[in-house]
Amino acid sequence: MGSCFLVLVVLLFFSSVEACDRCLHRSKAAYFSSASALSSGACSYGPMATGFFAGHIAAAVPSIYKDGAGCGACFQVRCNNPSLCSTKGTTVMVTDLNKNNQTDLLLSSRAFRAMAKPVPGAERDLLRQGIVDIQYRRVPCDYGNKKMMNVRVEESSKKPNYLAIKLLYQGGQTEVVAIDIAQVGSSHWSYMTRSHGAVWVTDKVPTGPLQFRFVVTAGFDGKMLWSQRVLPANWEAGKIYDAGVQISDIAQEGCDPCDDHIWN
């Protein structure tokens, strides 16, 4: 089982680095007229989505979404029209899958407006464009006063046979590619599987308080973070718990060199 799990992690790691997120990408972006459309997104953040980054959220194409591994990733994006667009742009968090092949990103209207110059009428005129040319690249996620990653127990969880979780406020510029779970103090680990979007599940739920191991892409290899005590024995569905760890790594993707000078 251990060797099979390692192979799975390696395959997930190499599949996650193919898109070269750190590179400058040129594409187009449109926007949702209502952020609530992104609240029901494929990442399954639900109503919480509009609270991330002051509602600066986005749906991303499959090469960024990565079957859910890209949920929670942060991107700096700016539009190209010098008469309407600021040079800084804005930062968005991925909360949904974009199936539109005309744009790489579908932004919330708030994020779309944030790309405008800080001059009267620029936001209005930018919205009127509908679809704009953009540049974007992945950047580390910074949640300000949220210093630790959180684990949310999903409502579908049922003791003692089923546990579904999703990670919130994941820092760094990397992806979680595997999660193990065990009773606190035990060395008998079992793996969780990604069900959909940002949700991980298991039907082999240990009793008592629970610890987790998170495998993330880091450097040119994988890295394991051990969260020694996350869920209490009396964990409850719908509640959020402090993971006690944070991801700060930046994955060094094994792809061709690219232009890192984006915001000149």
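Just above sits the structure.
These figures come from a predicted structure and were not determined experimentally.

A. Region of the structure containing the side chain of R78. You can see R78 is positioned in strand β3 (residues 74-79). Given the relative accessible area of 10%, R78 is considered buried. A polar contact of 2.8 Å, which involves the side chain of R78, links it to the side chain of Q135.

B. Focus on unusual backbone geometry. Residue P160 follows K159 across a cis peptide bond; omega there is 0°. If you trace the backbone, P160 turns up in the loop between β7 (150-153) and β8 (163-168). Positive phi values are uncommon outside glycine, yet A54 reaches one of about 55°. By secondary structure assignment, the location of A54 is in the loop between α2 (36-39) and β2 (57-60). Phi at K66 is positive, roughly 55°, even though this residue is not glycine. Secondary-structure assignment places K66 in the loop between α3 (62-65) and β3. By relative accessible area, K66 is classed as buried at 14%.

C. Quick peek at the sheet that holds β2. On the basis of which strands lie adjacent, the closed barrel formed by six strands has the order β1-β5-β2-β4-β3-β6 and mixed pairing. Each strand of the sheet is rotated relative to its neighbour by a mean of 45°, with strand direction disregarded. Of the pairings in the sheet, the one linking β2 to strand β5 (residues 105-108) comprises three bridges and is antiparallel in character. Bridged to A60 within β5 is L105.

D. Molecular detail of the pattern of salt bridges. According to the stated counting rule, one finds 12 salt bridges in the structure shown. The partner of K66 in a salt bridge is E175, and the shortest N-O contact between them spans 2.8 Å. Here K66 is found in the loop between α3 and β3, whereas its partner E175 is found in the loop between β8 and β9 (176-183), with 109 residues between them in sequence. The same class applies to K66 and to E175, which are both buried. Each member of the salt-bridge network shares a partner with another, and the members are R152, E154, E155 and K166.

E. Molecular detail of the state of the cysteines. Within the structure shown, the criterion is met by three disulfides. Across the disulfide from C74 sits C141; the S-S distance is 2.1 Å. One quick way to see it: the torsion about the S-S bond of C74 and C141 is about 115°, and its sign makes the bridge right-handed. Of this pair, C74 sits in strand β3 while C141 sits in the loop between β6 (132-139) and β7, placing them 67 residues apart in sequence. Accessibility assignment for this pair places C74 and C141 in one class, buried. Here C79 pairs with C85 through a disulfide, and the sulfurs are 2.0 Å apart. A torsion of -115° about the S-S bond marks the disulfide between C79 and C85 as left-handed. We note that C79, like C85, is buried.

F. Inspection of the pairing of strand β4 (residues 90-97) at higher detail. Most of β4 is tucked away: six of the eight residues are buried. Bridging between β3 and β4 involves four bridges; their strand directions are antiparallel. Following the sheet pairing, F75 is matched in β4 by V92.

The rules behind these values
- Residues numbered from 1 in each chain as written.
- Predicted model: local features only at pLDDT ≥ 70, side-chain atom pairs only at ≥ 80, totals over all residues.
- Heavy atoms only, no water.
- Helix = DSSP H or I, 4+ residues; strand = E, 2+ residues; numbered from the N terminus.
- Buried < 20%, exposed > 50% of the residue type's maximum accessible area, 1.4 Å probe, protein only.
- Polar contact = N/O pair within 3.5 Å; in protein donor to acceptor, adjacent residues only side chain to side chain.
- Pairing = 2+ DSSP bridges.
- Axes fitted to C-alpha atoms, helices over the stretch in contact; angles between N-to-C directions.
- Salt bridge = Lys/Arg side-chain N within 4 Å of Asp/Glu carboxyl O.
- Disulfide = S-S within 2.5 Å.

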